[in-house]
Amino acid sequence: MSALVLVMESLAILFATWMFGWPVLVVGVPALIATALLLVTAHAAERRRIRREREAAAIPTLPGGLMSGFFRLPAQPVPHEVRDHSRA
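This structure is a prediction, so every number in the text was calculated from the model and none was measured.

What counts as what
- Sequence order sets the numbering: in each chain, residues are counted from 1 along the sequence as written.
- Residues qualify for local features only when their pLDDT is at least 70, as the model is predicted, and side-chain atom pairs are given and counted only at 80 or more; totals for whole chains, interfaces and linings, by contrast, use all residues.
- For side-chain calculations, the full set of non-hydrogen atoms in the structure is used, while hydrogens and water are omitted.
- The secondary structure listing takes helices from DSSP runs of H or I that are at least 4 residues long and strands from runs of E that are at least 2 residues long, numbered from the N terminus.
- The accessible surface values rely on the Shrake-Rupley method and a 1.4 Å probe; as for residues, cover is taken only from the protein chains in view.
- For this analysis, a ring pair means two rings from Phe, Tyr or Trp (six-membered ring only for Trp) whose centres lie within 6.5 Å, classed as stacked if their planes differ by under 30 degrees, edge-to-face if by over 60, and tilted for the remaining angles.
- Relative accessibility thresholds used throughout: buried, under 20% of the residue-type maximum; exposed, over 50%; partly exposed, between the two (1.4 Å probe, protein chains only).
- Axis lines are fitted through C-alpha atoms, for helices just across the contact stretch, and the angle between N-to-C directions can take any value from 0 to 180 degrees.
- Should an angle fall under 35 degrees it is called roughly parallel, over 145 degrees roughly antiparallel, and 65 to 115 degrees roughly perpendicular, with every other angle called oblique.
- Any pair of residues with heavy atoms lying within 4.5 Å of one another is described as a contacting pair.
- Three classes are used, and their members are as follows: Ala, Val, Leu, Ile, Met, Phe, Trp, Tyr, Cys and Pro are nonpolar, Asp, Glu, Lys and Arg are charged, and the others, Gly among them, are polar.
- An expected span of 1.5 Å times one less than the residue number is assigned to each helix.
- UniProt positions are given in the numbering used here, feature names are shortened, and annotations may be inferred rather than shown by experiment.
- Read the arc as the range of directions from the helix axis to the C-beta atoms.

Student: Help me out: how do you make sense of the overall build of the protein in this one?
Tutor: Regarding its fold elements, the protein presents two helices and zero strands. For the protein, the exposed area adds up to about 8400 Å²; of that, 70% sits on carbon and sulfur atoms.

Student: It is not clear to me how the packing of aromatic side chains should be interpreted in this structure. Could you clarify?
Tutor: The relative placement of two aromatic rings is captured by the distance of their centres and the angle of their planes. Overall, the coordinates contain one aromatic pair when judged by the stated rule. Their ring planes at 45° and their centres at 5.8 Å tell us that Phe15 and Trp18 sit as a pair that is tilted. Taken together, the positions of Phe15 and Trp18, both in helix H1 (residues 2-20) and three residues apart, correspond to about one turn of that helix. By relative accessible area, which is 66% here, Trp18 ends up exposed.

Student: I keep staring at the packing of H1 against helix H2 (residues 24-58) and nothing clicks. Help me out?
Tutor: Helix packing geometry: the angle between the two helix axes and the distance between the axes. Here H1 crosses H2 at 180°, and the two axes come no closer than 10 Å. As the angle between them shows, H1 and H2 are arranged roughly antiparallel. Along the contact surface, H1 presents Ser2, Val5, Leu6, Glu9, Ser10, Ile13, Ala16, Thr17 and Phe20, while H2 presents Val24, Leu25, Gly28, Val29, Ala31, Leu32, Thr35, Ala36 and Leu39. Looking at the contact of H1 with H2 residue by residue, the class counts come to twelve nonpolar, five polar and one charged.

Student: Just checking my understanding: could you explain H2 for this structure?
Tutor: Think of an α-helix as turning once every 3.6 residues; residues three or four places apart then point the same way. The first and last C-alpha atoms of H2 sit 51 Å apart over 35 residues, in line with the 51 Å expected at 1.5 Å per residue. By the burial criterion, the buried members of H2 are Gly28, Thr35 and Leu39. As for H2, its buried residues are in contact with H1.

Student: I keep staring at the UniProt feature "transmembrane region" (unreviewed entry) in the protein and nothing clicks. Help me out?
Tutor: Under the UniProt annotation, "transmembrane region" (unreviewed entry) lies at residues 20-45. Secondary structure over residues 20-45 splits into 88% helix and 0% strand, and the C-alpha atoms at its two ends are 37 Å apart.

Student: Is there a simple way to explain H1 in this structure?
Tutor: Between its first and last C-alpha, H1 extends 27 Å over 19 residues, near the 27 Å set by a 1.5 Å rise per residue. For H1, the complete set of buried residues consists of Glu9, Ile13 and Ala16. Along the long axis of H1, the arc covered by the buried residues comes to 65°, so they all point the same way. In this structure, H1 carries Ala3, Leu11, Leu14 and Trp18 as exposed residues pointing more than 90 degrees from its buried face. Buried residues belonging to H1 abut H2.

Student: Before we go on, may I ask you to explain the side chain of Glu9 in this structure?
Tutor: Position of Glu9 among the secondary structure elements: in helix H1. Residue contacts for Glu9: discarding those within four places in its chain leaves Ala31, Leu32 and Thr35.

Next up, the structure:
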């Protein structure tokens, strides 16, 4: 799609130059350069996003998170009452 946008813009500049003369190039060429820079930047950002997503998918995740058991209190043993049934 990027190449198609650049080709269509180039054709529009060529047609405008043919119709109105060389002054069209004063606006057309910087617009073409700006479009190309914008498309290159968007392409690079998309590749970085895809690379980050792949790297994040490769990292295994622990269920509950890293600190899931940090605040959990250990189970306390319940004291049993010792009854002396011989005295009853």
